[in-house]
Amino acid sequence: MRARRTDPGRRDRILDVTLDLVAEVGVAGVSHRRIAARADVPLGSMTYHFEGMDDLLHEAFTRFADRSGERFAQRLGAAHDRAEALTAVVDLVHELSDPRTNAERVVMYELYTLAARDPRYRAITTAWMARSRRELGRHFAPDVTRRLDALVEGLSLHRALDEDPFDRALTEDAVRRLVGDA
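Keep in mind it's a predicted model, so treat the numbers as computed, not measured.

Visitor: Would you mind showing me how to read the nonpolar core here?
Guide: Core analysis: the largest hydrophobic core is formed by 29 residues, its most contacted members being Ile-14, Ile-35, Leu-56, Phe-61 and Tyr-121. The set of elements that each furnish at least two residues to this core consists of helix 1 (10-25), helix 2 (32-39), helix 4 (53-77), helix 6 (102-117) and helix 7 (119-136). With seven residues, helix 4 is the single largest residue contributor to this core. Residues within four places of Phe-61 in sequence aside, it is in contact with Leu-19, Val-22, Val-27, Val-107, Glu-110, Leu-111, Leu-114, Tyr-121 and Ile-124. Counting 21 residues, the second-largest nonpolar core is a separate cluster that includes Ala-85, Leu-136, Val-144 and Leu-155.

Visitor: For this particular structure, what's the right way to read the packing of aromatic side chains?
Guide: Two aromatic rings, taken as a pair, are described by how far apart their centres are and by the angle between their planes. Throughout the structure, instances matching the rule amount to three aromatic pairs. Between Phe-61 and Tyr-121 the ring centres are 6.2 Å apart and the planes differ by 85°, which places this aromatic pair in the edge-to-face class. Of this pair, Phe-61 sits in helix 4 while Tyr-121 is found in helix 7, placing the two residues 60 residues apart along the sequence. This pair shows no difference in class: Phe-61 is buried, exactly as Tyr-121 is. Ring pairing ties together the aromatic residues Phe-64, Tyr-112 and Trp-128, which thus form one cluster.

Visitor: Help me out: how do you make sense of the packing of helix 6 against helix 7 in this one?
Guide: When two helices pack together, their arrangement is given by the angle between the helix axes and the distance between those axes. Across the interface, helix 6 lies against helix 7 with an axial gap of 6 Å and an inter-helix angle of 125°. Relative to helix 7, the element helix 6 is oriented oblique. Handedness of the helix 6/helix 7 crossing: left-handed. On the side of helix 6, the interface is formed by Met-108, Leu-111, Tyr-112, Leu-114, Ala-115, Ala-116 and Arg-117, while helix 7 contributes Pro-119, Tyr-121, Arg-122, Ile-124, Thr-125 and Trp-128. A per-class count over the contact of helix 6 with helix 7 returns ten nonpolar, one polar and two charged.

Visitor: Is there a simple way to explain the packing of helix 6 against helix 8 (residues 142-161) in this structure?
Guide: It is at 12 Å that the axes of helix 6 and helix 8 come closest, and there the two elements cross at 120°. Relative to helix 8, helix 6 is oriented oblique. Relative to helix 8, helix 6 is oriented so that their crossing is left-handed. Residues Arg-105, Met-108, Tyr-109 and Tyr-112 of helix 6 form the contact with helix 8, whose own contacting residues are Glu-153, Leu-157 and Ala-160. Grouping the amino acids of the contact of helix 6 with helix 8 by side-chain chemistry returns five nonpolar, no polar and two charged.

Visitor: Can you walk me through the environment of Arg-63 in this structure?
Guide: Summarising the element assignment, Arg-63 is placed in helix 4. The buried category is assigned to Arg-63, whose relative accessible area is 18%. The spatial distance from the C-alpha of Arg-63 to the C-alpha of Leu-19 is 9.1 Å, given a sequence separation of 44 residues. Excluding anything up to four places from it in sequence, Arg-63 contacts Asp-12, Leu-15, Asp-16 and Leu-19.

Visitor: Hey, could you run me through the pattern of salt bridges in this one?
Guide: For side chains bearing opposite charge, pairing can occur when the charged atoms are close. Considering all chains together, one arrives at 18 salt bridges under this definition. Residues Arg-63 and Asp-16 are paired through a salt bridge, measuring 3.1 Å at the closest nitrogen-oxygen approach. With Arg-63 in helix 4 and Asp-16 in helix 1, this residue pair connects regions lying 47 residues apart in the sequence. Salt-bridge contacts for Glu-135 lead to Arg-138; the nearest nitrogen and oxygen are separated by 2.7 Å. Among the residues examined, Arg-138 registers a relative accessible area of 49% and is labelled partly exposed. Salt bridges sharing partners connect three or more residues here, namely Arg-71, Arg-75, Asp-91, Glu-95, Glu-104, Arg-168 and Glu-172.

Cut-offs and rules
- Residues numbered from 1 in each chain as written.
- Predicted model: local features only at pLDDT ≥ 70, side-chain atom pairs only at ≥ 80, totals over all residues.
- Heavy atoms only, no water.
- Core = buried A, V, L, I, M, F, W, Y, C linked by side-chain atoms within 4.5 Å.
- Buried < 20%, exposed > 50% of the residue type's maximum accessible area, 1.4 Å probe, protein only.
- Helix = DSSP H or I, 4+ residues; strand = E, 2+ residues; numbered from the N terminus.
- Contact = heavy atoms within 4.5 Å.
- Phe/Tyr/Trp six-rings, centres within 6.5 Å; stacked < 30°, edge-to-face > 60°.
- Axes fitted to C-alpha atoms, helices over the stretch in contact; angles between N-to-C directions.
- Parallel < 35°, antiparallel > 145°, perpendicular 65-115°, else oblique.
- Left-handed = near helix turned anticlockwise from the far one by under 90°.
- Nonpolar A, V, L, I, M, F, W, Y, C, P; charged D, E, K, R; others polar.
- Salt bridge = Lys/Arg side-chain N within 4 Å of Asp/Glu carboxyl O.

In structure tokens form, the structure reads like this:
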């Protein structure tokens with residue numbers, strides 16, 4: 001009997017490749033075969049590590065949401081006062097809408113689409129939004145955090161998809177008005 005080849009990073013690689021492929025071809029274009037080929041793993045690894053495509057996608061999107069939440073936490077956690085927190089929120093809007101983050105944004109939209117139809121994926125987005133609001137709650141009142149979280153999402157979406165995206169001054173003005181600092 002041959003010794004089994006160890007590859008301790010295989011599962012993580014599969015999850016990361018899944019997110020890369022979702023960004024490139026959407027959920028509808030992802031397959032076990034495509035993921036295995038890109039991750040350079042045997043096709044059998046897919047069913048060894050995951051019960052099926054839904055299980056794989058759920059874990060991959062959970063990983064994505066956790067990483068996105070961590071970015072939010074780092075930005076807002078680095079703010080020492082309300083002024084720095086306002087700047088962090090504006091930075092997040094512009095970071096999320098930057099063309100260099102297009103792949104992440106596409107993954108986010110794919111997750112939102114799944115969440116609109118499937119409660120299991122909605123649980124991922126619900127937890128992600130709760131974490132965002134907790135981080136915003138470090139600096140803003142609870143009634144403001146929900147609106148501010150929605151504003152970040154909406155402004156970044158509009159800024160990313162607009163052929164003539166608005167500038168930082170508009171973002172700063174919108175955030176300041178919402179939090180009552182205008």
